[in-house]
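# Chains, contacts and geometry: an overview
So you can see what is in the structure, the chains are spelled out below.
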Number of protein chains: 2
Amino acid sequence: MADAALFEFLHTEMVAELWAHHSDPGPGGQKMSLCVLEGMGFRVGQALGERLPQETLAFREELDILKFLCKDLWVAVFQKQMDSLRTNHQGTYVLQDNSFPLLIRMASGLQYLEEAPKFLAFTCGLLRGALSTLGIKSLVTASVASLPT
Amino acid sequence: MADAALFEFLHTEMVAELWAHHSDPGPGGQKMSLCVLEGMGFRVGQALGERLPQETLAFREELDILKFLCKDLWVAVFQKQMDSLRTNHQGTYVLQDNSFPLLIRMASGLQYLEEAPKFLAFTCGLLRGALSTLGIKSLVTASVASLPT
């Protein structure tokens, strides 16, 4: 099945295209591209959020919704579950994926870490969009400690 | 499974984003956007072409390759086979899909026909890219007689 590859290839092209477009090489142009990617992710996440939960149970609690994202949504998009979900029980959740598919093809090395944000923006938006459809306003940020090897 | 929806949503966003970008409203701007979409499709098609045939038989004849595109590639991307494949046996092939997924959500009506090319450019590129990987230089164009209902 090539679906997973299709999404990854398309994502890669999209990032490359947006980077080529906002050719302003300064931080302003990059930030703009990240915003555009995040916005696309948001709208795709919203649409997926509307579609997925019909097949699952109704959600009552915030934690259930987060668990749903870590399992069902992640599997639908990346064919794997999130590796861990932690919370401080005050509205902050930390979702960890140790082999994030959109980064896994990158070579490891600190010098590539700066390139990581552009491969994360779409997915941040995707989560924010899905949460938005499920009734939660959120702020989603990503951080990369080390690249998957 | 949400993969199919994911690709469709992402494709829709990509078209919308590129249309918003090349804000030159004249035919020049639109042509540019179509070229960009076609180019993205081409590179995704190339990558898919490299990936898919490993699972299938080696191809000898042009017609075999075209059949492969109509079956395996189309299923991988759209979860359905192409409806028909015709040829004049002189190097021209006509592939027909009566319910093309990227158009099927559009309302039918002649006034929407002009909007169709932007939803076809990526897929034209995809076919051209896959053919290129499989060793065939081609020219792929699309035409829509009526929108799927």
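Here's what I pulled together on the structure shown here. Positions within a chain are numbered from 1, following the residues in the order the chain's sequence is written. Both sets of labels track the order of writing: A upward for chains, 1 upward for ligands. Side-chain atom pairs in this predicted model are given and counted only at pLDDT of 80 or more, local residue features only at pLDDT of at least 70, and totals for whole chains, interfaces and linings cover all residues. The basis for every side-chain value is the complete set of non-hydrogen atoms in the structure, without hydrogens or water.

### Considering the nonpolar core
By convention a nonpolar core is built from buried Ala, Val, Leu, Ile, Met, Phe, Trp, Tyr and Cys residues, the set being connected through side-chain atoms within 4.5 Å. Here's how the labels work: a residue is buried when its accessible area is under 20% of the maximum for its type, exposed when over 50%, partly exposed in between, all with a 1.4 Å probe on protein chains only. Counting residues in each nonpolar core, the largest one holds 82 residues, and the members touching the most others are Leu48, Leu69 and Phe122 of chain A together with Leu48, Leu69 and Phe122 of chain B. For the purposes of this entry, the term helix denotes a DSSP run of H or I that reaches at least four residues, the term strand denotes a run of E that reaches at least two, and both are numbered from the N terminus. Of all elements in the fold, only α1 (3-21), α2 (27-51), α3 (62-78) and α5 (116-133) of chain A together with α1 (3-21), α2 (27-51), α3 (62-78) and α5 (116-133) of chain B reach the threshold of two or more residues within this core.

### Observations regarding the packing of α2 of chain A against α5 of chain A
Residues and elements named next belong to chain A. Each axis is a line fitted through C-alpha atoms, and for a helix only the stretch in contact is used; angles between axes span 0 to 180 degrees, taken between their N-to-C directions. At a minimum axis distance of 6 Å, the contact between α2 and α5 shows a crossing angle of 35°. Pair α2 / α5 crosses with right-handed handedness. When α2 is examined against α5, the residues Leu34, Leu37, Glu38, Met40, Gly41, Phe42, Val44, Gly45, Gln46, Leu48, Gly49 and Glu50 are found in contact with a partner set consisting of Pro117, Lys118, Ala121, Phe122, Cys124, Gly125, Leu126, Arg128, Gly129, Ala130, Ser132 and Thr133. Residue type decides the class: Asp, Glu, Lys and Arg count as charged, Ala, Val, Leu, Ile, Met, Phe, Trp, Tyr, Cys and Pro as nonpolar, and the leftover types, Gly among them, as polar. Within the contact of α2 with α5, the residues separate by chemical class into twelve nonpolar, eight polar and four charged. Take the far helix as the reference: if the near one is turned anticlockwise from it by less than a right angle, the crossing is left-handed, and if turned clockwise, right-handed. Throughout, a contact is declared for two residues whenever any of their heavy atoms are within 4.5 Å.

### Remarks on the packing of α3 of chain A against α5 of chain A
Residue and element names in this part refer to chain A. Between α3 and α5, the shortest axis-to-axis distance is 11 Å and the interhelical angle comes to 130°. Overall, the two elements α3 and α5 adopt an arrangement that is oblique. At the point where α3 passes α5, the crossing takes the right-handed sense. Of the residues in α5, those in contact with Ile65, Leu66, Leu69, Leu73, Trp74, Val77 and Phe78 of α3 are Thr123, Leu126, Leu127, Ala130 and Leu131. Residue composition of the contact of α3 with α5, by class: eleven nonpolar, one polar and no charged. Note on angle classes: values under 35 degrees are labelled roughly parallel, values over 145 roughly antiparallel, values of 65 to 115 roughly perpendicular, and the remainder oblique.

### Some remarks on the pairing of strand β1 (residues 84-87) of chain B
Residues and elements named next belong to chain B. Strand pairing is assigned whenever DSSP detects at least two bridges linking the two strands. One ladder, built from four bridges, connects β1 with strand β2 (residues 93-96); its direction is antiparallel. Following the sheet pairing, leucine 85 is matched in β2 by leucine 95. In sequence, β1 turns back onto β2 through a hairpin of five residues, with histidine 89 there showing a positive phi of about 55°.

### Concerning the packing of aromatic side chains
Only centres within 6.5 Å qualify two rings of Phe, Tyr or Trp (six-membered ring in Trp) as a pair; their planes then separate them into stacked at under 30 degrees, edge-to-face at over 60, and tilted for everything else. Summed over all chains, the structure comprises ten aromatic pairs over all chains. Through pairs of rings, three or more aromatic residues link up here, namely Phe7, Trp74, Phe78, Phe100 and Phe122 of chain A.

### What to know about the side chain of glutamate 17 of chain A
With respect to the element layout, glutamate 17 of chain A can be found in helix α1. Two residue types count as positive, namely Lys and Arg, and two as negative, namely Asp and Glu; His and chain ends fall outside the count. For this document, the term salt bridge refers to a Lys or Arg side-chain nitrogen within 4 Å of an Asp or Glu carboxyl oxygen. Summary of buried charges: glutamate 17 of chain A has no salt-bridge partner, and the nearest side chain of opposite charge, arginine 43 of chain B, is 4.7 Å away. When neighbours within four sequence positions are excluded, glutamate 17 of chain A is seen to be in contact with Leu18, Val36 and Met40 of chain B.

### Considerations on the side chain of lysine 118 of chain A
All names here are of chain A. Within the fold, lysine 118 resides in helix α5. Within the structure, lysine 118 has its side chain in polar contact with the side chain of glutamate 115 (distance 3.0 Å). The residues touching lysine 118, leaving out its near neighbours within four places in the chain, are Val15, Trp19, Leu34 and Leu37. In protein, a polar contact requires one atom able to donate a hydrogen and another able to accept it; more generally it is a pair of N or O atoms within 3.5 Å, and residues adjacent in sequence count only if both atoms are side-chain atoms.

### Things to note about α5 of chain B
Residue and element names in this part refer to chain B. Spanning 18 residues, α5 covers 27 Å between terminal C-alpha atoms, matching the ideal 26 Å at 1.5 Å per step. Counting buried positions over the 18 residues of α5 gives 14, a clear majority of the element. Directly after α5, the chain includes glycine 135, whose backbone phi takes a positive value near 90°. The span you would expect from a helix comes to 1.5 Å times its residue count less one.

### Considerations on the pattern of salt bridges
Think of it this way: side chains of opposite charge can pair up when their charged atoms draw near. By the definition in use, this model includes ten salt bridges over all chains. Across the pair arginine 43 of chain B and glutamate 13 of chain A runs a salt bridge, and its minimum N-O distance is 2.6 Å. Taken as a pair, arginine 43 of chain B in helix α2 and glutamate 13 of chain A in helix α1 lie in two separate chains rather than in one. The partner of arginine 128 of chain A in a salt bridge is glutamate 38 of chain A, with the nearest N and O atoms 2.9 Å apart. Of this pair, arginine 128 of chain A sits in helix α5 while glutamate 38 of chain A sits in helix α2; the two residues are 90 residues apart in sequence, bridging distant segments of the chain. Judged by its relative accessible area of 25%, arginine 128 of chain A falls in the partly exposed class.

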